[in-house]
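The chain contents come next:
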Amino acid sequence: MVLELDQRVHRHSSRIGTAAAFAAVRPRRRIVGRAAALCLPFGASCPILPGETGSAMLGLTKVRSMGPVADAVERAGGNVARVFRHADLPLQLIDQPDQLIPLRDQLCLVEHAAREIGDPALSARLSLDCGIAGLGLYGQRVLSAARLDAAISWANVLISSLLQSSTHLQLTVRGGVAKWSYVVTDACTVGRQKNEILALGYMLDLGRQFMGRSWAPTRGVVSGPMLQARTTLEMTLGADLSLDAVAGLCFPAPQLATPNPARSACPNDGCADNGPIADDFLACVEHLIQLKLLENRPSIDWISHRLGLSRRSFQRRLSERGTTFDAVMRTTLERRAEALLANADRSISQIAYDLGYGDPAHFARAFLAWKGMSPRAWRQGLRRGVSARAVLH
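Here's a quick rundown of the structure.

Parameters at a glance
Sequence order as written defines the numbering, with residues in each chain counted from 1. Totals for whole chains, interfaces and linings use all residues, but because this is a predicted model, local features are given only for residues with pLDDT of at least 70 and pairs of side-chain atoms are given and counted only at 80 or more. The side-chain quantities take in all heavy atoms of the structure and omit both hydrogens and water. Per the convention used, a helix needs a DSSP run of H or I reaching at least four residues, while a strand needs a run of E reaching at least two, with both numbered from the N terminus. Here, two residues are considered to be in contact whenever any of their heavy atoms come within 4.5 Å of each other. The accessible surface values rely on the Shrake-Rupley method and a 1.4 Å probe; as for residues, cover is taken only from the protein chains in view. Residues belong to a common nonpolar core when they are buried Ala, Val, Leu, Ile, Met, Phe, Trp, Tyr or Cys residues joined through side-chain atoms within 4.5 Å. Throughout, exposure labels follow a simple rule: accessible area from a 1.4 Å probe, protein chains only, divided by the maximum for the residue type, with under 20% read as buried, over 50% as exposed, and the rest as partly exposed. Each Phe, Tyr or Trp ring, with Trp reduced to its six-membered ring, pairs with another whose centre is within 6.5 Å; inter-plane angles below 30 degrees give stacked pairs, above 60 give edge-to-face pairs, and intermediate values give tilted ones. By definition here, charges over rings are those cases where NZ of Lys or CZ of Arg is within 6 Å of the ring centre and within 35 degrees of the ring normal. As used in this structure description, the phrase polar contact means that two N or O atoms lie within 3.5 Å; if the pair is within protein, one of them must be able to donate a hydrogen and the other to accept it, and residues adjacent in sequence are counted only when both atoms belong to side chains. An axis is simply a line fitted to the C-alpha atoms; with a helix, the fit covers only the stretch in contact. Between two such axes, the angle follows the N-to-C directions and lies from 0 to 180 degrees. Whether a crossing is left-handed or right-handed is set by the direction in which the near helix is turned from the far one by less than a right angle, anticlockwise for left-handed and clockwise for right-handed. Classes in brief: Ala, Val, Leu, Ile, Met, Phe, Trp, Tyr, Cys and Pro nonpolar; Asp, Glu, Lys and Arg charged; the others, Gly included, polar. Criterion used throughout: strands pair if DSSP finds at least two bridges between them. What counts as a salt bridge is simple: a side-chain nitrogen of Lys or Arg found within 4 Å of a carboxyl oxygen of Asp or Glu. Between the first and last residue of a helix there are one fewer steps than residues, each counted as 1.5 Å, and that sum is the expected span.

Looking only at helices and strands, the protein has 19 helices and 11 strands in total. Partitioning the intrachain contacts of the protein with sequence separation of at least 6 by distance along the chain shows that 69% fall at a separation of at least 24. Carbon together with sulfur atoms contributes 51% to the accessible area of the protein, which is approximately 17,800 Å² in total.

See below:
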């Protein structure tokens, strides 16, 4: 049984094109473990080569998907800086909820945070504390649905556009039982079970938004050979847990028709979005550059290492796409400069240092080469509401 999406999903499809929309909402049959399930196709992931052999998928996720991890570590007396250092992530991410990071970095950060404070149920606490409403526009859209089935449909369709790539949410109904499954296709294994528990917390919170805070599914499922601290996790989540090939929640199918008791308005007047998360190879390189810029200017060796490539293989991959690392760096710096200049609260000197320039004059010369005008003139044009072309003339 495949549940129909509500009319807002169809309006969403009109903005991304007929063919793309059809692909986004048409169910297809996929084999997961031993069972065939109906699922929805999602956005692509970044293909990378670890070293010189094999292949993997690099997924991307927004920082907000981790929930209040820094606050949780601090409250428990842990060292937040050490957690981020062990995960090789800049501490500045705390203030960047919409920054995209590799999904494997999220998995590692949650794992290190749980070890730091000795809390095996940390991932469950993070998602339950944050709640589906804490997931930004993604959560707002899901909570604007009229019924639970429509909310799950929104969650399935929009996750790769608004929150996280390399991820499949799928709903299957058989024999009166609904299973809402969560599958991550990124090849990283560190922290995978904790990531699934993190996801279950958000999924449980959505169910409770419709059916009350005491609602519990028939069972929750996580993957892996064993489940440590089962009792603590079950008490935290308020649900029985079991092991299987695919993580998810199982509950009576009639509950899918539960109406939304506190339906919120759909954001952005018709739910217009910013488009899908770009996660082709070059986009992944740009996201990694932006991530490292929170701390300092990244080197080619740092980027290639994060992609699991040797320096030579990385350069070859860029060459195959008609570009170089320096060219991608320039493009990323230019786009980031435009975004930062649109924020009137940051001085041009601060922006220069944010982008890794040694002094504002160096940044001004680079920006003049990109845009044919100074950063100050660009910002003034934005304030007056005129185009860059008008500023030039």
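Still more to cover.
We now examine the nonpolar core. In terms of nonpolar packing, the biggest core is built from 105 residues, with Tyr-138, Phe-314 and Phe-363 touching the most fellow members. A per-element tally of this core places helix H8 (residues 148–162) first, with 10 residues. If sequence neighbours within four positions are ignored, Phe-314 has contacts with Phe-281, Val-285, Ile-300, Ile-303, Ser-304, Leu-307, Leu-309 and Phe-325.

What follows deals with the packing of aromatic side chains. Tallied over the entire structure, the rule returns seven aromatic pairs. Lying over the aromatic face of Tyr-357, Arg-297 brings its terminal NZ or CZ to 4.8 Å of the ring centre. Lying over the aromatic face of Phe-281, Arg-317 brings its terminal NZ or CZ to 4.5 Å of the ring centre.

Further remarks concern the side chain of Asn-260. By the element assignment, Asn-260 lies in the loop between strand S11 (247–252) and helix H11 (268–271). Asn-260 sits in the buried class, given a relative accessible area of 13%. Within the local environment of Asn-260, its side chain forms a polar contact with the backbone oxygen of Leu-143, the two atoms lying 2.9 Å apart. Excluding its chain neighbours within four sequence positions, the residues that come into contact with Asn-260 are Leu-143, Ala-145, Ala-146, Arg-147 and Phe-210.

Right, let's get into the packing of helix H12 (residues 281–293) against helix H15 (residues 325–341). Between H12 and H15, the shortest axis-to-axis distance is 10 Å and the interhelical angle comes to 60 degrees. Here H12 and H15 pass one another in a crossing that is right-handed. For the pair formed by H12 and H15, the contact residues are Leu-282, Val-285, Glu-286, Ile-289, Gln-290 and Leu-293 on the first element and Phe-325, Val-328, Met-329, Thr-331, Thr-332, Leu-333 and Arg-335 on the second. Of the residues in the contact of H12 with H15, the class split is eight nonpolar, three polar and two charged.

Now for unusual backbone geometry. Look at Asp-88: it is not a glycine, yet its phi comes out positive at around 55 degrees. Relative to the elements of secondary structure, Asp-88 occurs in the loop between helix H4 (80–86) and strand S6 (100–102). For Asp-88, a relative accessible area of 36% gives the class partly exposed. Phi at Ser-166 takes a positive value of approximately 55 degrees, unusual for a residue other than glycine. Looking at the secondary structure, you find Ser-166 in the loop between H8 and strand S7 (167–174). With relative accessibility at 2%, the residue Ser-166 sits in the buried group.

Here the focus is the sheet that holds strand S9 (residues 219–222). Pairing between sheet strands relies on hydrogen bonds along the backbone, with the strands arranged either parallel or antiparallel. As summarised here, the arrangement of the five strands in space is S7-S8-S11-S9-S10, forming an open sheet in which the pairing is mixed. Here the strands that pair on one side only, and so sit at the sheet edges, are S7 and strand S10 (241–243). Adjacent strand axes in the sheet meet at a mean angle of 20 degrees when their direction is disregarded. By the bridge criterion, eight bridges tie S7 to strand S8 (residues 177–184) in an arrangement that is antiparallel. Looking at the pairing, His-168 lines up with Val-183 of S8.

This part covers the pattern of salt bridges. Here the structure, examined in full by the defined rule, presents 17 salt bridges. Residue Arg-147 is joined to Asp-149 by a salt bridge in which the shortest nitrogen-to-oxygen separation is 2.4 Å. Take Arg-147: its relative accessible area is 37%, and that puts it in the partly exposed class. Judged by relative accessible area, which is 7%, Asp-149 ranks as buried. Between Lys-371 and Glu-338 there is a salt bridge, with the nearest N and O atoms lying 2.2 Å from each other. On the criterion of sequence distance, the pair formed by Lys-371 in helix H17 (residues 360–371) and Glu-338 in helix H15 is long-range, its members being 33 residues apart. Several salt bridges share partner residues, and in doing so they unite Lys-62, Arg-64 and Asp-98 into one network.

What follows is about the environment of Leu-206. Within the element layout of this structure, Leu-206 appears in helix H9 (residues 192–211). C-alpha separation for the pair Leu-206 and Leu-143, spaced 63 residues apart in sequence, amounts to 7.9 Å. Discounting chain neighbours no more than four positions away, the residues touching Leu-206 are Val-142, Leu-143, Leu-148, Ala-151, Ile-152 and Trp-180.

Time to look at helix H18 (residues 375–384). Every α-helix winds through 3.6 residues per turn, so residues three or four apart in the chain are directed the same way. Inspection of H18 places Pro-375, Ala-377, Trp-378, Arg-379 and Gly-381 among the buried residues, and these make up the whole buried set. Looking at the residues trailing H18, positive phi occurs at Gly-385, about 75 degrees.

The next thing to look at is the pairing of S7. In terms of residue burial, S7 counts as a mostly covered element, since seven of its eight residues are buried. The antiparallel hairpin formed by S7 and S8 contains two residues in its connecting segment, where Gly-175 sits at a positive phi of about 55 degrees.

Our next topic: helix H5 (residues 103–117). With 15 residues, H5 ought to run about 21 Å at 1.5 Å a step, and its terminal C-alpha atoms sit 22 Å apart, in line with that. With 12 of 15 residues buried, H5 lies mostly within the body of the structure. Within H5, the full set of buried residues consists of Leu-103, Arg-104, Asp-105, Gln-106, Leu-107, Cys-108, Leu-109, Val-110, Glu-111, Ala-113, Ala-114 and Ile-117. Gly-118 sits one or two residues past H5 and shows a positive phi near 65 degrees.

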